Amino acid sequence: MSLFKARDWWSTILGEKEEFDQGCLCVADVDNSGSGQDKIIVGSYMGYLRIFNPHPMKPGDGVQPEDLLLEVQLREPILQVEVGKFVSGTEGLHLAVLHCRKLCVYAVSGTLGNVEHGNQYQIKLMYEHNLQRTACNMTYGPFGGVKGRDLICIQSMDGMLMLFEQESYAFGRFLPGFLLPGPLTYNSRTDSFITVSSCRQIESYKYQVLAFATDADERQEPEQQKLSSGKRLVVDWVLNIGEQALDICVVSFNQAVSSVFVLGERNFFCLKDNGQIRFMKKLDYSPSCFIPYCSVEEGTINTLIGNHGKMLNVYQDVTLKWATQLPHIPVSVKVANLQDLKGVIVTLSDNGHLQCSYLGTDPSLFQAPRVDSREINYEEFNAEMKELQKIIKEATKTQDILPKSEKHRDLIVTAEVSPDLDAESQAIDSEVKAEAVPSVTVKITIQSRVTAQKPNLAVCVQAPLAVTCDQFIFDDLEPDSSETVVLSVFLKGSCSPSELEGSCVVSYSTPTGIPKVAQCNFRLPLRLICFPTQSSKAANHKLTIDTNKSPISFLTIFPDFVDPSEDDQANVLGFQFLTGSKTTLLASKTSQRYRIQSDQLEDLWLITKELMLRLEEHFKKQNCKDFACSFSGSIPLQEYFELIDRHFELRLNAEKFQELLSERAVQFRAIERRLLTRFKDKTPAPLQHLDTLLEGTFREVIALADAAEENQANIFQAFTKLKSATHLVIMLISLWQKLSTDQVAILEATFLPLAEDTQELGWEETVDAAISYLLRTCLSKSSKEQALTLSSQLCMPKDTSRLKKNITLFCDRLAKGGRLSLSTDSATQQAAVMPGGCTTITESDLEERTVILGSTAMFPSHGQITKQKSKPGLSEDAAEEAEKP
């Protein structure tokens, strides 16, 4: 096929990772030079507009810089470029650029250069039209038979034809029975627009019929169009072709019959102006683009058709005259006059390969060298063949899909937690006021397949948990060697942790100096922070978890907490935390429910999580795959808000202590300077009680520092409790709305963005910014909310009222059908999920809900938020059902 390759006259690659389509290529004398030479105009979906004036390239040379006349970025995707007489008062050619929501018309002009840098080109915006609807494509021509100027018609994605009389908008009309947009062109001979509808038929509409039809301010049904003013939009002629069309082109040459060409998915049609078929050609390939051009034989028309096989076929009517191979798949093809060379074929691929080529052949000057005759050594060839077959056989024994370095890691770290607590506790300096603080042993093993230099092991657990040793440094590990360390984990702080998980991280270097990391996670037992106790009937906070399976006896799922000799613990189990609080777990005998109750909201989290994990493990062992949990109660927002207020109050106190410390420190240094001056004075003078004042100020500084340190410890405890309650709220929301794993991840990133809480960046402002972003994007109910701009700087708020309002509104939007997503097209998504939108919640309603204590906010699946007096966290019927032993 080398004989029939397209001869490359000029080519280039446009940009990097840019995309192009059918309307992105145009050829015309856009700068009105009058030389008759066309320029190549290319627009991309990345918003780049380029104009080329190609010159023939010498073999081995690349594109010359002067070939690119202009390159600008218009910031918006370019759907189509056209050149015509688009500006009133002049018949010069101008460039029309179609964006998704805008139509811009530019004047391209050049300035002669005075030095060797050449001419300079620039574009000037003549006018632009902001579109109310998303555009698909456009066409232009002398609509209505006007002389000396071109009008523009834009087809929107929802089937509206918008006509512009140059600088002004004329009218818009909806196409009847529209579903999807198709190619659009204008036939100046019949003054009509031709398109292909989603019914797979070619339709023609007269311009005069469009002008006098019903206005398209609103899309109307056919019955409503009959009752409205104006004429109904009717089609001029229709032709059913039975397939979707790729492009339409209207041609009129002097020696040929005027025709309308339509390129379908499998056929090529030529029609008369009245819609009758002149001829059609069935194609045995998948076409991608086409362009008719003038033929040298009278009465015929030549057509270039590109296909997805990188071929360009030349037809004279229905006869294939030439086939040539291209280096790419063309999405657009044009015929241009460049540098006194007429009929240059310009093609553009979807990834930006722009080529100017011509048809023809080059003689082959290659001659095969003369082969020297020599004797063949068959024994040597047989030995080489056997060696090659042996290598191939060894290579095909193990067919690894992944590289060995990925499939078999160079270093593996594993952690094994002892199933029993340590017989002798290893707790050191624990602040827990209990008789005994238990500890559990964790055995960590490092296995290395290669040489690991300077391995360093770090063991991390969440405070207030602690380890006996958190850093280990080893000597270089040899291949196929291992190291084992043993440590203990215990509760050091005086509050319960928010997570019972830890991690091991090993950092090392390869012999070539490449740093690498290996890590693993481990789960700590619940017995580390609590022990079994007598259950309690009364509690301030209660939660009910529904399942789809019958309740499992606690003797089965909590064998480490239940005494087998006591049958009364099969459905009721009490947990006593080392910090002093109690939590009770109950299983209903008559329904598939479990209830968790405690005097502290944050203490519900770890027991609830442990219950769900153990239930999932139990049913997994039973090969039960349909086990699921749900939550139909009310989200305990008021109790959650109390924890937020407590944490925020301590942060405010920290700021006050910092200000007082700063003032006392300034006072202390000023007194010191005065005393130092008195002591250095040669003439003794009385101290005037400066020493007494210095001692008093020093005591105040020490007292304030102690108070600030105590407040910091209280902040840590409050933040730990807040994290536990936040985990609980996230879990209840996920069970309540049956969120997916990705949505739960978004929820956790929103409510738990910080591992540590500081004065510079606190939990309240971070979570408020995250929730505000979700309310403005995926949970927004109008475009007005999406237009709101968020503050780019996070600072500590004055109070928590805004945060609590946003959390309440967040839950309300979820209750009314909102879905969490990080997609940018959130407005369209919400319109599909919530056709009715979200009902507006007044500020007074939110303030009232925030102030009232003891009431619980209910978020039903539809309707307004209701408040009911009940046990916190439980509705009346759920509480009665769960209380049954």
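Residues numbered from 1 in each chain as written. Predicted model: local features only at pLDDT ≥ 70, side-chain atom pairs only at ≥ 80, totals over all residues. Heavy atoms only, no water.

Asks: Even after reading the chapter, I still don't get the overall build of the protein chain, so can you show me in this structure?
Replies: For the protein chain, the helix and strand inventory stands at 15 helices and 44 strands. Burial analysis of the protein chain (885 residues in total) assigns 46% to the buried set. In the protein chain, the share of contacts with a sequence separation of at least 24, taken over all contacts with a separation of at least 6, comes to 60%. Total accessible area on the protein chain stands at roughly 47000 Å², and carbon and sulfur atoms take up 50% of it. (Helix = DSSP H or I, 4+ residues; strand = E, 2+ residues; numbered from the N terminus. Buried < 20%, exposed > 50% of the residue type's maximum accessible area, 1.4 Å probe, protein only. Contact = heavy atoms within 4.5 Å. Areas by Shrake-Rupley, 256 points an atom, 1.4 Å probe, with all protein chains shown as cover.)

Asks: Is there a simple way to think about the nonpolar core in this case?
Replies: For soluble globular proteins, the rule of thumb is that nonpolar side chains tend to be buried together. Residues Leu457, Ile529, Phe558, Tyr640, Phe810 and Leu820 are the most contacted members of the largest nonpolar core, which totals 99 residues. The residues contacting tyrosine 640, other than those within four sequence positions of it, are Leu601, Leu722, Ala725, Thr726, Val729, Phe751, Trp763 and Ile807. (Core = buried A, V, L, I, M, F, W, Y, C linked by side-chain atoms within 4.5 Å.)

Asks: What should I look at first to understand a nonpolar patch on the surface in this one?
Replies: The grouping of Ile376, Tyr378 and Phe381 at the surface amounts to a nonpolar patch, some 360 Å² of accessible area in total. Take isoleucine 376: it is sitting in the loop between β28 (353-358) and α3 (378-395). (Patch = residues over 30% accessible without salt bridge, like charges linked within 9 Å, V, L, I, M, F, W, Y side chains within 5 Å. Salt bridge = Lys/Arg side-chain N within 4 Å of Asp/Glu carboxyl O.)

Asks: Is there a simple way to think about a negative patch on the surface in this case?
Replies: On the surface, a cluster of negative charge is made up of Asp475, Asp476, Glu478 and Glu483. Tracing the backbone through its elements, the reader meets aspartate 475 in the loop between β33 (471-473) and β34 (481-491). (Lys, Arg positive; Asp, Glu negative; His and termini not counted. Charge placed at Lys NZ, Arg CZ, Asp CG, Glu CD.)

Asks: When you look at the sheet that holds strand β6 (residues 80-84) in this model, what are you seeing that I'm missing?
Replies: Sheet strands pair by backbone hydrogen bonding; their relative direction is either parallel or antiparallel. Spatially, four strands are ordered β6-β7-β8-β9 in an open sheet, and the strand pairing comes out antiparallel. In this open sheet, the two edge strands, each paired with only one partner strand, are β6 and β9 (120-130). With strand direction ignored, the average angle separating the axes of adjacent strands in the sheet is 25 degrees. (Pairing = 2+ DSSP bridges. Axes fitted to C-alpha atoms, helices over the stretch in contact; angles between N-to-C directions.)

Asks: What am I meant to see in the sheet that holds strand β12 (residues 160-165) here?
Replies: Taken together, the four strands give an open sheet; going across it, the order is β10-β11-β12-β13, and neighbouring strands pair in antiparallel fashion. Pairing within the sheet leaves two strands with one partner each, and these edge strands are β10 (135-141) and β13 (168-174). Across the sheet, the mean angle separating the axes of adjacent strands is 20 degrees when strand polarity is ignored. Relative to β12, strand β11 (residues 151-156) is paired through four bridges, and the arrangement is antiparallel. Bridge assignment links glutamine 155 to a residue of β12, and that residue is leucine 161.

Asks: What exactly am I supposed to notice about the environment of threonine 510 here?
Replies: Note that threonine 510 resides in the loop between β35 (501-509) and β36 (515-523). When the C-alpha positions of threonine 510 and lysine 454 are compared, they lie 9.2 Å apart, and in sequence the two are 56 residues distant. Contact partners of threonine 510, with chain neighbours within four places excluded, come to Thr451, Gln453 and Lys516.

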